[in-house]
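Listed below are the residues making up each chain.
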Amino acid sequence: MLKRYWKKIGMLILIIACVFNVMSKLVNKLSLNKEMLQSAQYIFSEQEEDKN
């Protein structure tokens, strides 16, 4: 039975792997955006303190 369906099983595994890859990249991208915004706010506040 496995002999008959090996291409379909392989395609299913490939599709699942691609979906997990894309989802992990999206999650990491959102975290990176938050990190960049926090860094920008910190630098802006430091520059404001230096002016005063």
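What you are looking at is a predicted structure, and each value in this text was computed from that prediction instead of being measured.

**Section: the overall build of the chain**
Okay, so step 1: When its secondary structure is counted, the chain shows one helix and zero strands.
Okay, so step 2: Once the C-alpha set of the chain is aligned to its principal axes, its extents read approximately 75 × 10 × 5 Å.
Okay, so step 3: When the 52 residues of the chain are sorted by exposure, 0% land in the buried category.
Okay, so step 4: Split by element, the accessible area of the chain, about 5,500 Å² in all, is 68% carbon and sulfur.
Okay, so step 5: Side-chain charges in the chain split into 8 positive and 5 negative, and the spacing between the mean points of these groups amounts to 41 Å.

**Details of a nonpolar patch on the surface**
Okay, so step 1: Residues Met11, Leu14, Ile15, Val19, Val22, Met23 and Leu26 make up a contiguous nonpolar surface patch of about 660 Å² in total accessible area.
Okay, so step 2: Note on Val22: relative accessible area 48%, which makes it partly exposed.

**Structural notes on the environment of Lys3**
Okay, so step 1: Note on placement: Lys3 falls in helix 1 (residues 2-51).
Okay, so step 2: Of the residues examined, Lys3 reaches a relative accessible area of 75% and is grouped as exposed.
Okay, so step 3: In the structure, Lys3 is positioned 32 residues away from Glu35 in sequence and 49 Å away in space, judged by C-alpha atoms.

What counts and what doesn't
Residues numbered from 1 in each chain as written. Predicted model: local features only at pLDDT ≥ 70, side-chain atom pairs only at ≥ 80, totals over all residues. Heavy atoms only, no water. Helix = DSSP H or I, 4+ residues; strand = E, 2+ residues; numbered from the N terminus. Buried < 20%, exposed > 50% of the residue type's maximum accessible area, 1.4 Å probe, protein only. Areas by Shrake-Rupley, 256 points an atom, 1.4 Å probe, with all protein chains shown as cover. Lys, Arg positive; Asp, Glu negative; His and termini not counted. Charge placed at Lys NZ, Arg CZ, Asp CG, Glu CD. Patch = residues over 30% accessible without salt bridge, like charges linked within 9 Å, V, L, I, M, F, W, Y side chains within 5 Å. Salt bridge = Lys/Arg side-chain N within 4 Å of Asp/Glu carboxyl O.

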